[in-house]
Amino acid sequence: MGFYTGTFQPATDDADWAMVLALFDDAGAAYDASALDFTVQVCLDGEALLEATTTAATLTRPSDSEIAWRFTRDQMATLEAGQTYDVGCVATDIDGNVTQVFVMSLPVINGGLA
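This text gives an overview of the structure that appears in the document. Quantities reported herein were computed from a predicted structural model and do not represent experimental measurements.

With that settled, the discussion passes to the packing of aromatic side chains. Tallied over the full model, the rule gives six aromatic pairs. On the numbers, 6.3 Å between centres and 75° between planes, the contact of F8 with W69 is edge-to-face. You can see F8 sitting in the loop between β1 (4-7) and β2 (11-12) and its partner W69 sitting in strand β7 (residues 66-71), a full 61 residues away along the chain. Taking the relative accessible area as the measure of exposure, F8 reaches 9% and is therefore buried. Seen from their ring centres, F8 and F102 are 5.8 Å apart, and the 85° between their planes marks the pair as edge-to-face. Of this pair, F8 sits in the loop between β1 and β2 while F102 sits in strand β9 (residues 98-109), placing them 94 residues apart in sequence. When sorted by exposure, F8 lands in the same class as F102, which is buried. Joined through ring pairs, the aromatic side chains of F8, W17, W69, F71 and F102 make up one cluster.

Let us look at the nonpolar core. Among the nonpolar cores identified, the biggest contains 27 residues, and W17, F38, W69 and F102 are the most heavily contacted of them. For this core, the elements supplying multiple residues, two or more each, are β3 (17-22), β4 (37-44), β5 (47-53), β7, β8 (84-92) and β9. Take this core: its biggest share by element is five residues, from β9.

Rules used throughout
- Residues numbered from 1 in each chain as written.
- Predicted model: local features only at pLDDT ≥ 70, side-chain atom pairs only at ≥ 80, totals over all residues.
- Heavy atoms only, no water.
- Phe/Tyr/Trp six-rings, centres within 6.5 Å; stacked < 30°, edge-to-face > 60°.
- Helix = DSSP H or I, 4+ residues; strand = E, 2+ residues; numbered from the N terminus.
- Buried < 20%, exposed > 50% of the residue type's maximum accessible area, 1.4 Å probe, protein only.
- Core = buried A, V, L, I, M, F, W, Y, C linked by side-chain atoms within 4.5 Å.

Below, the structure written as structure tokens:
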């Protein structure tokens, strides 16, 4: 499975933030991640503010090579508009080995609602 860095498109503090991420190996082929547990965290200064995991069923697998999460509007409203957050994802195999999948930035903007 490849390792990704970069920046997500901005999300707002007034709507759900949902993502489906396709996973690929280093050769560009779809990566079968069906045996892995995943954790995604939205963090600021090393503190996890939001979390989705396969073990808690807040992060799902639409297919063997995809993961998906959704943070609700209420959850996103806890984030400060104008701030950029770190979003990290790790995969854990059956033996407890942990692999970093991505480290991305997430700009959060004001959604314009009161």
